[in-house]
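Geometric and topological summary
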Amino acid sequence: MTPSDVKATLSFSDGSPSMELPLYKGSIGPDVIDIRKLYAQTGKFTYDPGFLSTASCNSTITYIDGDKGELLYRGYPIEQLATQCDFLETCYLLLKGELPNAEQRTDFTKLVTNHTMVNEQMQFFLRGFRRDAHPMAVMTGLVGALSAFYHDSTDITNPQHREISAIRLIAKMPTLVAMAYKYGIGQPFIYPKNSLSYSANFMRMMFATPCEEYEPDDVLVRAIDRIFILHADHEQNASTSTVRLCGSSGTNPFAAIAAGVACLWGPAHGGANEAALNMLKDIQRQGGVEKIGEFIKQVKDKNSNVKLMGFGHRVYKNYDPRAKLMRETCHEVLQATGLHDDPLFKLAMALEKIALEDDYFVSRKLYPNVDFYSGIVQSALGIPVSLFTAIFALARTVGWIAQLNEMIGDPEYKIGRPRQLFVGSVARNVKPIGER
Ligand code: CMC
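Residues numbered from 1 in each chain as written. Predicted model: local features only at pLDDT ≥ 70, side-chain atom pairs only at ≥ 80, totals over all residues. Heavy atoms only, no water.

Focus: the overall build of the chain
Along its length, the chain carries 18 helices and six strands. Computed over the C-alpha atoms, the radius of gyration of the chain is 24 Å, within 12% of the 22 Å expected from 2.2 N^0.38 for a compact globule of 436 residues. For the chain, the spread of C-alpha atoms along the three principal axes comes to 80 × 65 × 55 Å. Within the chain, contacts between residues at least 6 apart in sequence are counted, and of these 69% link residues at least 24 apart. Accessible surface computed for the chain: about 21900 Å², of which carbon and sulfur atoms make up 53%. With 45 positive and 47 negative side-chain charges, the chain shows a spacing of 6 Å between the two charge centroids. (Helix = DSSP H or I, 4+ residues; strand = E, 2+ residues; numbered from the N terminus. Rg over C-alpha atoms; globule rule 2.2 N^0.38 Å. Contact = heavy atoms within 4.5 Å. Areas by Shrake-Rupley, 256 points an atom, 1.4 Å probe, with all protein chains shown as cover. Lys, Arg positive; Asp, Glu negative; His and termini not counted. Charge placed at Lys NZ, Arg CZ, Asp CG, Glu CD.)

Overview of the sheet that holds strand S3 (residues 32-33)
Taken together, the three strands give an open sheet; going across it, the order is S1-S2-S3, and neighbouring strands pair in antiparallel fashion. One side of each edge strand has no neighbouring strand; the edge strands of this open sheet are strand S1 (2-10) and S3. Where strand S2 (residues 19-25) lies against S3, two bridges are found, and the strand directions are antiparallel. Counted as the bridge partner of Tyr24 is Val32 from S3. (Pairing = 2+ DSSP bridges.)

Considering the pattern of salt bridges
Any two side chains of opposite charge can pair, so long as their charged atoms come close to each other. Here the structure, examined in full by the defined rule, presents 20 salt bridges. Taking the shortest distance from any N to any O, the salt bridge between Arg244 and Glu406 comes out at 2.8 Å. Residue Arg244 is found in helix H10 (residues 238-247), and its partner Glu406 is found in helix H18 (residues 388-409); the two are separated by 162 residues along the sequence. Taking the relative accessible area as the measure of exposure, Glu406 reaches 18% and is therefore buried. (Salt bridge = Lys/Arg side-chain N within 4 Å of Asp/Glu carboxyl O. Buried < 20%, exposed > 50% of the residue type's maximum accessible area, 1.4 Å probe, protein only.)

Considering the site of the ligand
Lining the immediate environment of the ligand, one finds 20 residues, of which His269, Lys302, Leu308, Gly310 and Arg314 sit closest. Between Leu308 and the ligand, the recorded distance is 2.8 Å, taken from a backbone N or O atom to a nitrogen atom. One of the side-chain N or O atoms of Arg314 is found 2.8 Å from an oxygen atom in the ligand. Relative to its unbound accessible surface of 930 Å², the ligand loses 74% to contact with the protein. Residues that form the shell around the ligand fall into these classes: eight nonpolar, six polar and six charged. (Near = heavy atom within 4 Å. Polar contact = N/O pair within 3.5 Å; in protein donor to acceptor, adjacent residues only side chain to side chain. Nonpolar A, V, L, I, M, F, W, Y, C, P; charged D, E, K, R; others polar.)

Comments concerning the nonpolar core
Judged by nonpolar contacts, the single largest core of 120 residues is most densely connected at Met139, Leu351 and Leu381. Of all the elements, H18 adds the most residues to this core, at 14 residues. The residues touching Leu381, leaving out its near neighbours within four places in the chain, are Met203, Phe207, Leu220, Ala223, Ile224, Ile227 and Val333. Counting residues in hydrophobic clusters, the runner-up holds five residues, among them Ala8, Leu21, Leu23 and Leu38. (Core = buried A, V, L, I, M, F, W, Y, C linked by side-chain atoms within 4.5 Å.)

A look at the environment of Leu387
Within the secondary structure, Leu387 sits in the loop between helix H17 (371-381) and H18. A relative accessible area of 1% places Leu387 in the buried class. Not counting residues up to four positions away in its chain, the partners in contact with Leu387 are Pro135, Val177, Tyr181 and Met206.

Focus: the sheet that holds strand S5 (residues 70-73)
Reading across the sheet, the three strands line up as S4-S5-S6 and stay open at both edges, with antiparallel pairing between neighbours. The two strands at the open ends of the sheet, each matched to only one other strand, are strand S4 (62-65) and strand S6 (76-77). Bridging between S5 and S6 involves two bridges; their strand directions are antiparallel. Residue pairing for S6: Leu72 is matched across the bridge by Pro77.

Some details on the packing of aromatic side chains
The full count for this structure, using the stated rule, is 15 aromatic pairs. Between the aromatic rings of Phe311 and Phe361, the centroid separation amounts to 5.8 Å while the plane-to-plane angle is 70°, which identifies the pairing as edge-to-face. Pair noted here: Phe311 is in the loop between helix H13 (292-300) and helix H14 (321-336) and Phe361 is in helix H16 (residues 359-363), with a separation of 50 residues, a long-range link. The class for Phe311 is buried, based on a relative accessible area of 11%. According to the relative accessible area criterion, Phe361 is buried, its value standing at 2%. Pairwise contacts between aromatic rings join Phe311, Phe345, Tyr360, Phe361, Phe372 and Tyr373 into one cluster. (Phe/Tyr/Trp six-rings, centres within 6.5 Å; stacked < 30°, edge-to-face > 60°.)

In structure tokens, the structure reads:
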């Protein structure tokens with residue numbers, strides 16, 4: 001971290017001694033005020049629920065400029081990565097800090113590909129779930145269970161264990177997601193086929209059956225690969241912070257990633273694409289484009305609790321750059337699948353247009369986020385709505401691992417342990433039961 005010449009001074013109106021706080025400069029983005037000595041020197045904590053003004057770590061991985069609508073992985077704009085690289089190159093970049101050259105790309109692809117199969121016992125574990133279990137419930141269980149299957153890579157303090165668990169997680173997530181899907185629909189599991197690319201292999205495990213081969217279509221494979229790239233990392237979001245916090249106790253990488261999967265499930269985070277598509281379907285059922293006005297009215301009514309899903313973001317106060325790329329992919333996929341007249345897509349476009357012109361959304365800087373279009377793309381690919389968040393988890397795994405490994409490698413890393421402002425009862429005595 002680069003110290004700044006500027007110092008912040010904290011003073012108190014009650015005459016308590018003031019305190020000078022150091023500032024650190026990032027390579028881009030806001031500076032931070034270092035409050036680590038605040039409690040020791042003043043006996044006070046800072047208060048920031050939801051971390052609106054708190055940098056929880058320093059990081060070299062992903063940078064977001066929410067006002068500009070800019071997303072960089074290791075300095076590279078998401079637009080360039082999404083159009084010039086594939087997902088495994090992006091994984092290499094996130095994990096190692098640089099894009100691979102041709103030889104490194106081949107070696108890395110080979111390494112990941114060698115680990116696509118999961119221990120055969122995993123399927124017996126999976127079979128313990130109800131067939132109608134939500135895939136995210138299944139994924140939370142399966143990813144957590146990996147630590148019971150791969151004992152030789154569970155020591156988070158050992159760099160080799162971290163490396164091999166990273167490769168295993170990236171390689172096995174598509175297999176696990178496809179298994180969760182097949183289990184839910186009562187079809188046999190399809191083993192990975194290592195002659196295919198990462199994304200083509202995933203599509204085949206999803207859609208082939210023992211009776212019928214699946215021929216991967218280039219446009220569709222490229223679309224799922226782009227979904228993976230766009231979701232690969234996103235700075236210190238809720239699930240990534242969960243992974244860091246969980247991993248900070250020294251737990252094994254599989255357990256930390258399982259915690260990330262659990263956090264991602266929430267509708268305000270990874271569950272939003274599912275919620276966005278369900279919202280579009282609801283509006284469609286109620287009458288489609290003509291009902292948009294009525295729906296927007298409900299969204300604006302504070303008492304209705306209705307949100308325009310796929311709109312708004314904690315960090316982006318501009319068009320989410322991932323949403324632009326996803327919108328483009330949406331056109332390509334609908335064209336390739338002959339669904340270009342898809343009423344849901346038309347509805348989404350109309351809803352987006354109306355919302356972008358409405359003062360409620362404009363004044364709050366609410367723009368479409370990646371989830372607004374990703375549900376339509378995934379639907380067109382044949383992926384059921386209930387699996388959307390699992391696909392997000394598959395893609396985000398590499399980001400979680402890169403962030404976890406960065407934390408473990410940071411000499412300043414400590415177990416995460418926030419404090420609180422206590423507003424409950426002061427100390428009191430337990431009364432005998434008859435007197436309560
Ligand atoms: N529809 C209607 N109003 C909204 C929406 C929305 N989607 N999002 C925010 N607002 C309003 C909110 O009611 C508040 O209004 P007011 O100032 O009058 O009280 C104002 O905008 C600020 O919102 P906020 O809740 O303080 O913003 P936040 O940063 O805490 O929440 C968010 C961000 C993503 C949770 C929220 O925008 C939301 O719930 N969006 C819908 C769910 C969604 O699409 N989530 C996916 C996020 S992108 C995927 C990912 O990166 O995980």
